[in-house]
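# Chains, contacts and geometry: an overview
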Amino acid sequence: MSELTAHRAGITTMIVAEKNRLRTAQDPWIRRNISQHIKTLQASLAKAEAEMEAVIQGQGDLREQAARLRQVKGIGPVVSATLIAQLPELGQLDRRRIAALAGLAPHANGSGHRRGKRSIWGGRGTIRRTLYLAALTASRFDPRFRAFKERLLAAGKAKKPVIVACARKLLTVLNAMIKTGTAYRDAIV
């Protein structure tokens, strides 16, 4: 699973690079060639995603875990597969440790008398990016996360840190769901 998710990430990176090259290419032959390469990469992406889903559906414990994760808006097949493959500790650690492992825990930035702003860093970048994007969707379409986002924005917080806070809350909820074996509507964090 880990190799499949890494392979999928590599394909998406190549697609983005080819699309950027296509925007700047002037020669018609080069543009056709790049377009064909993009189509080939998109077909490879679909095959990789299908293989990831086949692996998940082929193992009962992974199938159950993926189904539980996908109950939350913003968590689809790709995000659930990435979490399963890249964060096997999900459901085994407390909320602070899992947030630090994912790179979503705020760390102090001070020394002596200087007190800097707290920021997130470290952890697994792939998980942090995946959860950030999932939190964008959850904060728009899930009532629980939308209310959390609106409360933070009303308190004067900046938009990006609010999404990071939503990502951390999303990770905390997912961790609790896996740890306790409960459904999303029953997860209390």
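For the structure given in this document, a descriptive report is provided here. Note on numbering: residues in each chain are counted from 1, in written sequence order. Thresholds applied to this predicted model are a pLDDT of at least 70 for local features of residues and 80 or more for the giving and counting of side-chain atom pairs; totals over whole chains, interfaces and linings are not thresholded and use all residues. Side-chain numbers come from the whole structure's heavy atoms, not from hydrogens or water.

## With respect to the packing of helix 3 (residues 60-69) against helix 4 (residues 77-86)
Just so we agree on the cut-off: Only the stretch in contact is used when fitting a helix axis, every axis being a line fitted to C-alpha atoms; angles between N-to-C directions are given from 0 to 180 degrees. Each helix is a run of DSSP H or I of at least 4 residues and each strand a run of E of at least 2, with the numbering of both proceeding from the N terminus. Any angle between 65 and 115 degrees counts as roughly perpendicular, while under 35 counts as roughly parallel, over 145 as roughly antiparallel, and the rest as oblique. Each crossing gets its handedness from the near helix: less than a right angle anticlockwise from the far helix is left-handed, clockwise is right-handed. Residue contacts are counted whenever heavy atoms from the two residues lie within 4.5 Å of one another. Polar here means any residue other than Ala, Val, Leu, Ile, Met, Phe, Trp, Tyr, Cys and Pro, which are nonpolar, and Asp, Glu, Lys and Arg, which are charged; Gly is therefore polar.
Where helix 3 meets helix 4, the closest approach of the two axes is 9 Å, and the angle between their N-to-C directions is 130 degrees. Classed by the angle they form, the pair helix 3 and helix 4 counts as oblique. Our pair here, helix 3 against helix 4, has a crossing hand that is right-handed. Judged by residue contacts, L62, Q65, A66 and L69 of helix 3 engage S80, L83 and I84 from helix 4. Residue composition of the contact of helix 3 with helix 4, by class: five nonpolar, two polar and no charged.

## Quick notes on the packing of aromatic side chains
For any pair of aromatic rings, the description consists of the separation of the ring centres together with the inter-plane angle of the planes. The following threshold applies: Centre distance within 6.5 Å is the pairing criterion for rings of Phe, Tyr and Trp, where only the six-membered ring of Trp is used; planes under 30 degrees apart are then read as stacked, over 60 as edge-to-face, and the remainder as tilted. Definition used: whenever NZ (Lys) or CZ (Arg) falls within 6 Å of the ring centre and also within 35 degrees of the ring normal, the charge is taken to sit over that ring.
By the definition in use, this model includes zero aromatic pairs. One cation-aromatic arrangement involves R144 over Y184; the distance from NZ or CZ to the ring centre is 4.6 Å.

## Concerning the environment of A9
Just so we agree on the cut-off: Under the scheme applied here, a residue whose accessible area is under 20% of the maximum for its type counts as buried, over 50% as exposed, and between as partly exposed, the area being computed with a 1.4 Å probe on protein chains only.
Topologically, A9 is positioned in helix 1 (residues 2-24). Taking the relative accessible area as the measure of exposure, A9 reaches 34% and is therefore partly exposed. Taking the C-alpha atoms as reference points, A9 and V78, 69 residues apart in sequence, are found 10 Å from one another.

## Here's the deal with the side chain of E18
Relative to the elements of secondary structure, E18 occurs in helix 1. Setting aside its immediate chain neighbours within four residues, E18 contacts I34, H37, I38 and L41.

## Re the pattern of salt bridges
Filter applied, for reference: Basic side-chain nitrogens of Lys or Arg form a salt bridge, by our definition, when they fall within 4 Å of a carboxyl oxygen of Asp or Glu.
Following the criterion strictly, the structure yields five salt bridges and no others. Between E49 and R8 there is a salt bridge, with the nearest N and O atoms lying 2.8 Å from each other. Of this pair, E49 sits in helix 2 (residues 28-58) while R8 sits in helix 1; the two residues are 41 residues apart in sequence, bridging distant segments of the chain. On the accessibility criterion, E49 (28% relative accessible area) is partly exposed. Looking at R8, the relative accessible area reads 18%, which means it is buried. A salt bridge links R21 to E18; the shortest N-O distance between them is 2.6 Å.

## With respect to the side chain of T130
Mapping T130 onto the fold places it in helix 6 (residues 125-141). The class of T130 is buried, set by a relative accessible area of 15%. For T130, the residues in contact, after removing those within four places along its chain, are V79 and T82.

## Notes on helix 1
For clarity, the cut-off: By definition here, a helix of n residues has an expected span of 1.5 Å times n minus one.
When the terminal C-alpha atoms of helix 1 are compared, their 34 Å separation across 23 residues agrees well with the 33 Å that a helix rising 1.5 Å per residue should span. Among the residues of helix 1, L4, T5, R8, I11, I15, E18 and L22 are the ones counted as buried. Lining the buried residues of helix 1 we find helix 2 and helix 4.

## A short note on the packing of helix 7 (residues 143-154) against helix 8 (residues 159-180)
One way to put it is that helix 7 packs onto helix 8 with a least axis distance of 10 Å and a crossing angle of 145 degrees. Both helix 7 and helix 8 take part in a crossing whose hand is right-handed. Contact residues: R144, F145, F148, K149, L152 and L153 in helix 7; K159, V162, I163, A165, C166, K169, L170 and V173 in helix 8. Residues of the contact of helix 7 with helix 8, tallied by class, amount to ten nonpolar, no polar and four charged.

Bear in mind that shape data such as this cannot, by itself, settle questions of function.
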